[in-house]
Amino acid sequence: MNSILFSKNSFFTGDLPAPYNTMEETTTDTNSMSELNQGKKLACLNAWVVKAVLNYFGGDTAEIALVKISETVYATETALAQGRLIASLQKNGTIRAAIVTEAGGYQSLPNLLTEEDFDATPLLLGFFPTLREKFAEVNALLEQLEGNSNRHAPFDGGALYKLSDALYRIFTEKKMEIDDKSGAIALLDEQTVSLGGMRYHKVICGKPVLLSHTASSTGATAVVSVAEAKELFRAFSAQFQWTEEELDLIPVFEDSFPVPEETMKLAQRFVYSQNEQRPMVNFMWRGITAYGKSTGVEVMACILHMPLLRVTCHSNMETQDFLSDFVPNAVAAQPLARPSFAEIAENPAGAYFHMTGSRKEDATPDQCMEAYASLVRETESNVPRFKHVASNYVKALEKGYIVEVQEISRIKDSGVLVGLNEYDRPGAVIPLVDGSHTRRHRNAVVVYTDNVGYHSCRLLDPSVIRRMACIIDSYDMPKKKVFERLSMNTRVEEQSVLETCYTVWSKLREFCQDKGITDGSISVSELEMWVLTAKLDGFSDLKQDCIECVVAKGSNDMEEQAAMISSVVDLYL
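Model, not experiment: these values are computed from the prediction.

Visitor: What is the right way to read the overall build of the chain from this model?
Guide: Looking only at helices and strands, the chain features 23 helices and 20 strands. Within the chain, the fraction of its 573 residues that count as buried is 45%. Long-range contacts, defined here as pairs at least 24 residues apart, represent 72% of the contacts in the chain between residues at least 6 apart. Surface summary for the chain: the accessible area is close to 28,600 Å², and the carbon and sulfur share equals 49%.

This is the structure:
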């Protein structure tokens, strides 16, 4: 299967610097073949892999610059005849790239499946940090090459053959997916660069030119506590005068609780755009399950001191479901206040009051019987068992709350959310269930949270996407953040335990991804429950706890569970 990172021209080594241009193009030496190949076929030296290695370990002298934008995004920059190539490469395989001309224009890359002369080394280099993290063999080979990196001596040829072989098979056999769209690379928007979206924290190799003007400090983003965030937004939250019932809807967190970076982005963009012509009041946060998106929205409501309501979507959702809910009718549910016939005969005035709530001292038994019949008709015939009330979505928009709309890609009909587009701005008219109308409050915020990677997830209508102020993608949680979350939620500080559990969990997740096992869940939540269970069991049986908390939730198929245990668990525990 073709890959844009390995065209036919990528195997031409004649243009490489010495001594790599004199190496054999292929070898059958099993010592120079990757584990992925296992010696079954030829190992081919790939020129683009060799050039990527030379740049990766080239330091400041590298012709291609590689920088770290965030924990999930890297970028490369290099000079071409047409201008400078800038590429953004995410851990989930997303690629955005552009050729910046001398005049400052941003041009798309040619189709890399038809234009095989185009050198994709910068794109391949951009995935090196992710490949090291995902594939142990690649990491081991790069560590081996790094160990003998010396500007005055060539890299080990055997390791270069193995790395070429391993990377070729990873991308051509789709062990790592990239969104090349049949050879076409999505254009990196000029505003993404000019407005600071490509700010980097670390230079891995080379010297960026176009990216250097937006570079920030090399330190990591400072963690903000709930107390610090509340102080930051104190002037904004001081405007609210909530009732006791509304105060009960505001989530509460400890002052020391760390505010997720994504939450701070959403809160700042909402608050700081309040006086703009088009304030930012609609957001989307996508990511893997158990990343902490809903918790992040709760924290946002906490630090802004705003009530939070939720709407959870399902496959048969209709637009009307966002506007109203069916709830039991309390009147119909009440027991009938029917006195006995003896009570009517003995005390008609008291029975009449009991049934109608009105006093009539001269009430007769006949009048009581009429009231009795009317009561039966009202409570058993005319009053519906359920009634319409305003939904959480409408309540939040009307009163100026935050509303989280969960799992929107589960909705079968993509046109359902389109029906909400007219309510996306402050002041929009919203129909109520009684036929009247209200307007969207200027402070109302909608945060759509959605999981990715499930078979039940469906595409969203482009008009819905267009109405989002921004979309935050959280496809993976860095190891450091995972450890911080485990320590905070389980109070386990023993690094050796956390390291062991994290390694096995990550290997199980990779195994399920490679084998297409998708009917279960192996998220950070499963890792968290494993560590907590192990703590409660006194760390006496990590293996059995892993089987019960991770393997059993990864699949309900006994054969698949057995494969997970024999291929991963038995090797590490």
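Visitor: Is there a simple way to think about the pattern of salt bridges in this case?
Guide: When their charged atoms lie close together, side chains carrying opposite charge are able to pair. As enumerated under the stated definition, the model contains 18 salt bridges in all. K360 is paired through a salt bridge with D362; the nearest N and O atoms lie 3.7 Å apart. Of the residues examined, K360 reaches a relative accessible area of 27% and is grouped as partly exposed.

Visitor: Is there a simple way to think about the nonpolar core in this case?
Guide: Soluble globular proteins tend to bury their nonpolar side chains together. In terms of nonpolar packing, the biggest core is built from 89 residues, with F270, I303, L304, F322, Y393, Y448 and L508 touching the most fellow members. Looking at this core, the element that brings in the most residues is helix α20 (residues 495-515), giving nine residues. With residues near it in sequence (within four places) discarded, I303 still touches V226, A229, K230, F233, V259, T263, M264 and A267. Counting residues in each nonpolar core, the second largest holds 52 residues, with Y20, L145, Y161 and M176 among its members.

Visitor: Hey, could you run me through the packing of aromatic side chains in this one?
Guide: For any two aromatic rings, the description comes down to two numbers: the centre-to-centre distance and the angle of the planes. Tallied over the full model, the rule gives 17 aromatic pairs. Geometrically, the ring pair formed by Y502 and W505 is tilted, given 5.6 Å between the ring centres and 50° between the ring planes. Separated by three residues within a single helix, Y502 and W505 lie in helix α20, roughly one turn from each other. For Y502, a relative accessible area of 11% puts it in the buried group. Linked through ring pairs, F6, F11, F127, Y168 and F171 together constitute an aromatic cluster. The ring of F353 carries the charged tip of R359 above its face, separated from the ring centre by 4.2 Å.

Visitor: What should I look at first to understand the pairing of strand β6 (residues 95-100) in this one?
Guide: Both faces of the sheet carry side chains from a regular strand, because those side chains alternate between them. Within β6, five of the six residues are buried, leaving the element largely enclosed by the surrounding structure. Note: strand β5 (residues 84-90) against β6, six bridges, orientation antiparallel. Each residue of the ladder has a partner; that of A87, found in β6, is A97. Between β5 and β6, which pair antiparallel and follow one another directly, the connecting turn spans four residues, one of which, G93, has a positive phi of 95°. Across two bridges, β6 lies against strand β8 (residues 186-187) in parallel orientation. In the strand pairing of β8, R96 is matched with A186. Direction of pairing for β6 relative to strand β7 (residues 106-107): antiparallel, over a ladder of two bridges. Along β7, the bridge assignment pairs I99 with Q107. Taken together, β6 and the strand that follows it, β7, pair antiparallel across an intervening segment of five residues, in which G104 is found at a positive phi of about 95°.

Visitor: Please explain the pairing of strand β19 (residues 445-451) as it appears in this structure.
Guide: Burial within β19 is extensive, with seven of its seven residues counted as buried. Neither face of β19 is exposed, since V445, V447, T449 and N451 on one face and V446, Y448 and D450 on the opposite face are all buried. Relative to β19, strand β12 (residues 282-287) runs parallel, the two being bridged by six bridges. Residue pairing for β19: W285 is matched across the bridge by T449. In this structure, strand β16 (residues 402-406) lies alongside β19, joined through five bridges in parallel fashion. Directly across from Q406, in β19, lies its bridge partner T449.

Visitor: Would you explain the sheet that holds β16 in this entry?
Guide: Strand-to-strand pairing in sheets goes through backbone hydrogen bonds, with the strands running parallel or antiparallel. Spatial strand order, β13-β16-β19-β12-β20: five strands in an open sheet with parallel pairing. Looking at which strands have only one partner, the edges of the open sheet turn out to be β13 (308-312) and β20 (470-474). The average undirected angle you get between the axes of adjacent strands in this sheet is 20°. Bridge count for β12 against β20 is five bridges, and the pairing is parallel. Looking at β20, one finds that R286 is bridged to D473. Contacts from helix α17 (residues 392-399) reach β13, β16 and β19 within the one sheet, and its direction differs from that of β13 by about 150°.

Visitor: Before we go on, may I ask you to explain unusual backbone geometry in this structure?
Guide: Negative phi characterises most residues that are not glycine, and trans characterises most peptide bonds. Residue A18 is joined to P19 through a cis peptide bond whose omega torsion reads 5°. Of note, P19 is situated in the segment before β1 (26-27). Residues other than glycine seldom take positive phi values, yet R491 does so here, at roughly 60°. Mapped onto the elements, R491 comes out in the loop between α19 (479-490) and α20. Using a relative accessible area of 67% as the deciding quantity, one classes R491 as exposed. Positive phi values are uncommon outside glycine, yet F539 reaches one of about 55°. Counting through the fold element by element, F539 comes out in the loop between α21 (524-536) and α22 (542-554).

Visitor: Quick question: what am I supposed to make of the confidence of the model for the chain here?
Guide: The predicted coordinates should not be examined in detail at positions where pLDDT is low. Looking at the chain as a whole, its pLDDT mean stands at 84, while 88% of the residues score no less than 70. Predicted confidence is poor over residues 213-221, with pLDDT under 50, and the contacts of this stretch with residues over four places away or in other chains come to 14 contacts.

Visitor: Please clarify how the packing of helix α4 (residues 136-147) against helix α5 (residues 157-172) should be interpreted in this entry.
Guide: Pairs of packed helices are described in terms of their axes, by the angle between the two and the distance that separates them. Direction vectors running N to C along α4 and α5 enclose 150°, while the axes themselves pass 10 Å from each other. Accordingly, the angle class assigned to the pair α4 and α5 is roughly antiparallel. In the packing of α4 onto α5, the handedness of the crossing is left-handed. Within the contact between the two elements, α4 uses E137, V138, L141, L142, Q144 and L145 and α5 uses A159, L160, K162, L163, A166, L167 and I170. When its residues are assigned to classes, the contact of α4 with α5 shows ten nonpolar, one polar and two charged.

Visitor: How should α5 be read in this particular structure?
Guide: Because an α-helix completes one turn every 3.6 residues, residues spaced three or four positions apart along the sequence face the same direction. Between its first and last C-alpha, α5 extends 22 Å over 16 residues, near the 22 Å set by a 1.5 Å rise per residue. The element α5 is largely enclosed, with a buried count of 13 among its 16 residues. Once α5 ends, the next one or two residues include K174, with phi positive near 60°.

Cut-offs used in this document
- Residues numbered from 1 in each chain as written.
- Predicted model: local features only at pLDDT ≥ 70, side-chain atom pairs only at ≥ 80, totals over all residues.
- Heavy atoms only, no water.
- Helix = DSSP H or I, 4+ residues; strand = E, 2+ residues; numbered from the N terminus.
- Buried < 20%, exposed > 50% of the residue type's maximum accessible area, 1.4 Å probe, protein only.
- Contact = heavy atoms within 4.5 Å.
- Areas by Shrake-Rupley, 256 points an atom, 1.4 Å probe, with all protein chains shown as cover.
- Salt bridge = Lys/Arg side-chain N within 4 Å of Asp/Glu carboxyl O.
- Core = buried A, V, L, I, M, F, W, Y, C linked by side-chain atoms within 4.5 Å.
- Phe/Tyr/Trp six-rings, centres within 6.5 Å; stacked < 30°, edge-to-face > 60°.
- Lys NZ or Arg CZ within 6 Å of the ring centre and 35° of its normal.
- Pairing = 2+ DSSP bridges.
- Axes fitted to C-alpha atoms, helices over the stretch in contact; angles between N-to-C directions.
- pLDDT = per-residue confidence, 0-100.
- Parallel < 35°, antiparallel > 145°, perpendicular 65-115°, else oblique.
- Left-handed = near helix turned anticlockwise from the far one by under 90°.
- Nonpolar A, V, L, I, M, F, W, Y, C, P; charged D, E, K, R; others polar.
- Expected span 1.5 Å × (residues − 1).

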